[in-house]
Amino acid sequence: MKTFSGFVMLAGVLLLLTDDELFSPLRDFALYFMGGGLLLLILTQLLVNRGKNWRCRLGFHDFERQERVAEMPAMRWYRCRRCSKEKRAASIA
């Protein structure tokens, strides 16, 4: 569903950028396509990821830095304060 909503938003952007006579009647619907795709993406994320905080379901995690990864000293573990999701990422400091 995320892929479909991404394609709907992409179709809206392409309709805005097109200069062809064939698509000119659809050009008025470009903002509807982009808004509808964004709304579909938000609703899908909120309904599918049930057990988490609503901000984490939309992808707005609040990561805090954890210990370094033993195999690679430039990598660190990060853990979300709300949903405990973990990720590894490169760290400068």
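This write-up is about the structure you can find in this document. (Residues numbered from 1 in each chain as written. Predicted model: local features only at pLDDT ≥ 70, side-chain atom pairs only at ≥ 80, totals over all residues. Heavy atoms only, no water.)

## Topic: the packing of aromatic side chains
- As enumerated under the stated definition, the model contains one aromatic pair in all.
- With 6.2 Å between their ring centres and 45° between their planes, Phe29 and Tyr32 make a pair best called tilted.
- Under the relative-accessibility criterion, Phe29 is labelled partly exposed at 41%.
- The ring of Phe63 has Lys87 sitting right over it, with the charged end atom 4.5 Å from the ring centre.
- Over the ring of Trp77 we find Arg88; its NZ or CZ atom is 6.0 Å from the centre of that ring. (Phe/Tyr/Trp six-rings, centres within 6.5 Å; stacked < 30°, edge-to-face > 60°. Buried < 20%, exposed > 50% of the residue type's maximum accessible area, 1.4 Å probe, protein only. Lys NZ or Arg CZ within 6 Å of the ring centre and 35° of its normal.)

## A few points about helix α1 (residues 2–17)
- With 16 residues, α1 extends 23 Å between its outermost C-alpha atoms, agreeing within 8% with the 22 Å of an ideal straight helix rising 1.5 Å per residue.
- For α1, the set of buried residues is Ser5, Val8, Gly12 and Leu15. Taken end-on, α1 shows its buried residues confined to a sector of 80°, consistent with a single buried face. Turned more than 90 degrees from where α1 packs its buried face, Lys2, Thr3, Phe7 and Leu17 sit exposed.
- As for α1, its buried residues are in contact with α2 (30–48). (Helix = DSSP H or I, 4+ residues; strand = E, 2+ residues; numbered from the N terminus. Expected span 1.5 Å × (residues − 1). Arc of directions from axis to C-beta. Contact = heavy atoms within 4.5 Å.)

## Comments concerning a nonpolar patch on the surface
- Taken together, Leu22, Phe23, Leu26, Phe29, Tyr32 and Phe33 make up a surface patch of nonpolar side chains, about 630 Å² in accessible area.
- Following the sequence through the fold, Phe33 ends up in helix α2.
- On the accessibility criterion, Phe33 (33% relative accessible area) is partly exposed. (Patch = residues over 30% accessible without salt bridge, like charges linked within 9 Å, V, L, I, M, F, W, Y side chains within 5 Å. Areas by Shrake-Rupley, 256 points an atom, 1.4 Å probe, with all protein chains shown as cover. Salt bridge = Lys/Arg side-chain N within 4 Å of Asp/Glu carboxyl O.)

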